[in-house]
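These are the residues of each chain, in order.
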Amino acid sequence: MTIKWKGWALATGVLAISAVAHAVPPTPAMLSNACAGCHGTNGGSAGLTMPSLAGQSKEAIETAMKKFKTGERPGSIMGRIAKGYDEGQVTAIAEFFSKQKLHVTKQALDKAKIARGAKLQDGNCGRCHIEDGREGKDDTPAMASQWLPYMQMQMADYLSGARKMPEKMKEKVDPMSKEDIEALLHF
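All values derive from a computational prediction rather than experimental measurement. (Residues numbered from 1 in each chain as written. Predicted model: local features only at pLDDT ≥ 70, side-chain atom pairs only at ≥ 80, totals over all residues. Heavy atoms only, no water.)

1. A word on empty space enclosed by the protein
At step 1: Summed over all chains, the structure comprises one cavity of 30 Å³ or more.
At step 2: If you go around the largest cavity, the residues you meet are Ser-52, Ala-54, Gly-55, Gln-56, Leu-102, His-103, Ala-142, Ala-144, Ser-145 and Gln-146.
At step 3: Residue composition of the lining of the largest cavity, by class: four nonpolar, six polar and no charged. (1 Å grid on protein atoms, 1.4 Å probe; cavity = no way out; pocket = protein on both sides within 12 Å on 5 of 7 lines; lining within 4 Å. Points joined across faces, edges and corners; volume = space filled by probe spheres on them. Nonpolar A, V, L, I, M, F, W, Y, C, P; charged D, E, K, R; others polar.)

What follows is the structure, given as structure tokens:
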């Protein structure tokens, strides 16, 4: 009978420890692991159509997630994923990625377009996409070193109306030629 009792006590103890282990909330790093499949390890995207999250501001990531969650920002997968996180989890994920080092992509870009884009960026985009696009003001995302195909897709969505362009951005983009916009995207 003592052996049965010891076995019962052991089983109960294991279940109790297991319940406590499951009660511990996931860390921000653990939550961000779900993002790695598309946005890369620690937010450094390896996919041409996926943005890097590393180094983005906490506010920019939170704003994007909220917009995906409500449907204000279109997304084939992100709308469904964003709905799976509560506000605290979104904040934790955003803070995690904001602390990661900017992911520098290696891509073939047109040097002439980069030079032209640099001239256009300062006078048109530099008030929100600061430090040559390496940082974003408030909830504005950083643009530096994002994949060109991703940037082109996002701009196409803005220009077609599939994604609502912020008013300040619209004022600057509307008078630009297609060539100017492409130069900015290369920059």
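2. Points about the side chain of Asp-180
At step 1: Its location among the elements puts Asp-180 in helix α10 (residues 178-186).
At step 2: Relative accessible area serves as the criterion here: at 16%, Asp-180 is assigned to the buried category.
At step 3: Here the side chain of Asp-180 touches Arg-116 through a polar contact of 2.4 Å, side chain to side chain.
At step 4: Not counting residues up to four positions away in its chain, the partners in contact with Asp-180 are Arg-116 and Leu-120. (Helix = DSSP H or I, 4+ residues; strand = E, 2+ residues; numbered from the N terminus. Buried < 20%, exposed > 50% of the residue type's maximum accessible area, 1.4 Å probe, protein only. Polar contact = N/O pair within 3.5 Å; in protein donor to acceptor, adjacent residues only side chain to side chain. Contact = heavy atoms within 4.5 Å.)

3. A word on the pattern of salt bridges
At step 1: Inspection of the entire model under this criterion finds four salt bridges.
At step 2: Salt-bridge contacts for Lys-99 lead to Glu-95; the nearest nitrogen and oxygen are separated by 3.2 Å.
At step 3: Taking the relative accessible area as the measure of exposure, Glu-95 reaches 31% and is therefore partly exposed. (Salt bridge = Lys/Arg side-chain N within 4 Å of Asp/Glu carboxyl O.)

4. Details of the nonpolar core
At step 1: Ranked by size, the top nonpolar core spans 16 residues in total, and within it Leu-31, Ile-61, Met-65, Phe-68, Tyr-85, Ile-93 and Phe-97 carry the most contacts.
At step 2: No other element matches helix α6 (residues 87-98), which puts six residues into this core.
At step 3: Setting aside residues no more than four positions away along its own chain, Tyr-85 makes contact with Leu-31, Ala-34, Met-65, Lys-69, Val-90 and Ile-93.
At step 4: Grouped together as the second largest cluster of nonpolar side chains are 14 residues, Met-155, Tyr-158, Met-176 and Leu-184 included. (Core = buried A, V, L, I, M, F, W, Y, C linked by side-chain atoms within 4.5 Å.)

5. Concerning the environment of Arg-116
At step 1: Inspection of the secondary structure assignment puts Arg-116 in helix α7 (residues 111-124).
At step 2: Judged by its relative accessible area of 38%, Arg-116 is partly exposed.
At step 3: Sequence-distant contacts of Arg-116, defined by excluding residues within four places in its chain, comprise Ser-177, Glu-179, Asp-180 and Ala-183.

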